[in-house]
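These are the residues of each chain, in order.
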Amino acid sequence: MRTVYADNAATTPVSQHVVDEILPYFTEHFGNPSSLYTIGQTAHRAVTKARQQVADALGAEQSEIYFTSGGSEADNWAIRGAAALGAKKGKKHIITSKIEHHAVLHTCAALEKQGFTVTYLDVYENGIVKVEDVEKAITDDTCLVTIMYANNEIGTIQPIAEIGKLCHEKGVLFHTDAVQAVGHVKINVKEQNIDMLSLSGHKFHAPKGIGALYCKKGLRLPNLIEGGAQESGRRAGTENVPGIVGLGVAITDMVSHIDENAKKVSALRDRLFEGASKISHSRINGDRERRLPGNFSMCFEGVEGESLLLMLDAKGISASSGSACTSGSLDPSHVLLAIGLPHEVAHGSLRLSISENNTEEDIDYILEVLPPIIKRLRDMSPLWDHIMERENNKA
Ligand SMILES: *Cc1c(COP(=O)(O)O)cnc(C)c1O
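Reading the values: the criteria
Residues numbered from 1 in each chain as written. Predicted model: local features only at pLDDT ≥ 70, side-chain atom pairs only at ≥ 80, totals over all residues. Heavy atoms only, no water. Helix = DSSP H or I, 4+ residues; strand = E, 2+ residues; numbered from the N terminus. Rg over C-alpha atoms; globule rule 2.2 N^0.38 Å. Contact = heavy atoms within 4.5 Å. Areas by Shrake-Rupley, 256 points an atom, 1.4 Å probe, with all protein chains shown as cover. Lys, Arg positive; Asp, Glu negative; His and termini not counted. Charge placed at Lys NZ, Arg CZ, Asp CG, Glu CD. Pairing = 2+ DSSP bridges. Axes fitted to C-alpha atoms, helices over the stretch in contact; angles between N-to-C directions. Right-handed = clockwise from strand over helix to strand, strands pointing away. Expected span 1.5 Å × (residues − 1). Buried < 20%, exposed > 50% of the residue type's maximum accessible area, 1.4 Å probe, protein only. Polar contact = N/O pair within 3.5 Å; in protein donor to acceptor, adjacent residues only side chain to side chain. Left-handed = near helix turned anticlockwise from the far one by under 90°. Nonpolar A, V, L, I, M, F, W, Y, C, P; charged D, E, K, R; others polar. Salt bridge = Lys/Arg side-chain N within 4 Å of Asp/Glu carboxyl O. Near = heavy atom within 4 Å.

Engineer: What's the story with the overall build of the chain in this structure? I'm lost.
Structural biologist: The number of helices and strands found in the chain is 13 helices and 12 strands. Relative to the globule expectation of 21 Å for 395 residues, the C-alpha radius of gyration of the chain, 22 Å, shows essentially globular dimensions. Taking all contacts inside the chain whose residues are at least 6 apart in sequence as the whole, residues at least 24 apart take part in 72%. Of the accessible surface of the chain, which amounts to about 16900 Å², a share of 52% is contributed by carbon and sulfur atoms. If you average the places of the 40 positive and of the 50 negative side-chain charges in the chain, the two averages end up 3 Å apart.

Engineer: Could you clarify how one ought to interpret the sheet that holds strand β8 (residues 211–215) in this entry?
Structural biologist: Two pairing modes exist for strands in a sheet, parallel and antiparallel, and in both the strands are linked by backbone hydrogen bonds. Pairing within the open sheet is mixed, and its 7 strands lie in the order β2-β8-β7-β6-β5-β3-β4. Looking at which strands have only one partner, the edges of the open sheet turn out to be β2 (65–68) and β4 (117–121). Each neighbouring strand pair of the sheet contributes to a mean axis angle of 20°, computed without reference to strand direction. Where strand β5 (residues 142–146) lies against strand β6 (residues 173–177), 3 bridges are found, and the strand directions are parallel.

Engineer: Sorry, what's going on with the pairing of β4 here?
Structural biologist: Walk down a regular strand and you will see the side chains alternate between the two sheet faces. As paired strands, strand β3 (residues 93–97) and β4 are joined by 5 bridges and run parallel to one another. Bridge pairing in β4 links I95 to T119. Running through helix α4 (residues 102–113), the crossover from β3 to the neighbouring parallel element β4 is right-handed.

Engineer: Explain helix α7 (residues 241–256) here, please?
Structural biologist: Because each turn of an α-helix spans 3.6 residues, side chains separated by three or four positions in sequence point in the same direction. Over its 16 residues, α7 extends 23 Å from the first C-alpha to the last, a length consistent with the 22 Å expected when each residue adds 1.5 Å. A large share of α7 lies buried, amounting to 12 of its 16 residues. Of the surrounding secondary structure, the elements contacted by the buried residues of α7 are α1 (16–22), α2 (38–58), β2, β7 (196–200), β8 and α8 (258–276). Between the side-chain oxygen at the start of α7 and the backbone nitrogen of G243 there is a gap of 3.0 Å, and the oxygen is on N240.

Engineer: Explain the packing of α2 against α7 to me, please; I cannot follow it from the model alone.
Structural biologist: The contact between α2 and α7 brings their axes to 8 Å, and the two run at 35°. Between α2 and α7 the crossing geometry is left-handed. Across the interface between the two elements, A43, A46, V47, A50, Q53, V54 and A57 of α2 pack against V241, I244, V245, L247, G248, V249, I251, T252 and V255 of α7. Grouping the constituent residues of the contact of α2 with α7 by class yields 13 nonpolar, 3 polar and no charged.

Engineer: Would you mind showing me how to read the side chain of E153 here?
Structural biologist: In this structure, E153 sits in the loop between β5 and α6 (160–170). With no salt bridge to any partner, buried E153 finds its closest opposite charge in R351, at an N-O distance of 6.6 Å. Only 2.6 Å separates the side chain of E153 from the side chain of S333, close enough to count as a polar contact.

Engineer: Can you walk me through the site of the ligand in this structure?
Structural biologist: Around the ligand, a shell composed of 13 residues is seen, among which S72, D177, Q180, S200 and K203 lie nearest. For the ligand, an oxygen atom lies 2.7 Å from a polar atom in the side chain of S72. One nitrogen or oxygen atom from the side chain of H202 is found 2.9 Å from an oxygen atom belonging to the ligand. In isolation the ligand offers 390 Å² of accessible surface; the protein chains occlude 87% of this area. Ranked by residues supplied to the shell around the ligand, first place goes to helix α3 (residues 71–88) with 3 residues. Within the shell around the ligand, the residues separate by chemical class into 2 nonpolar, 8 polar and 3 charged.

Rendered as structure tokens:
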């Protein structure tokens, strides 16, 4: 049976190039980067090189990159850190959006319990925050605006540079969870007025468990982990050297192919949209244009998302109903509800996230398999009967 991996927003395979580059750091170059002898210094040099690679990919400086265990840790650090700095000045208001990743939403919720107030901005039907809404929400009390770069479920891209500019005019810190965007769209933290940015290696062909926080020079976030002098003493603990090396290699590979990958991947994605839109009672989730090159997200009425995923899996296709973190729960995704979908429609969602490893044959296979699966599910669905009845009554 053909197998198609179309869930690259959940995670990606580590590229062969990355594997080749990191293997020596498990064995030959296993030294502790803090040690003075040669093998330690070899590891230290590798960490420094990777830090420079990550900095170059973002238009940042080496000293502004802090390695973390991934995107969730970077989000937690940035938000809790900025909140602590704000609280010192008596500013306890945070602005975010309704469609953030749970790493951001749950951190904000935890801060609400500690006496912070949080504004959750609407994203409208297109899944995009309005800059003027950010402006209206900012008060003298606001210490942080945290808005994701690109959404993990519907792929919509936010007006990051404009929000950053506004925050700088108002003297408010700006953080962006760019986990879905890094390596896939062009980013420059200086030009886009970003103070803090979170990224995660496993979303762009580096290993799981490694990520980074960009934190602009001069911004003294409280230390995340006390201990040794690693990460300038702000996040102690012996470095994950193979992971860090992999992050540097992967981000460099992605950025050096960014235009050609985006062209290829968006063409594949568009072919999917075109084919799947022929299915009746279907709709595209989020803005059709302002989205990640590889993101396909649609809802099919009268279909139960989990069953759809299981039937696609039986045909060798790995897909998602939205976010990996919400699957297994019966509540529809907060993102799909935020763009105004009714509960029963949001339940019939399908996200396919395409990478440069996918081929036209993969897409054609999905488009061959998908319509009959949807038909079968609708044939079994009382909800679909109800939809049809309602339409016949209208006619
Ligand atoms: C995957 C993801 C995260 C979490 O990153 P981890 O490295 O898995 O902790 C955070 N935000 C977004 C938008 C993501 O897609």
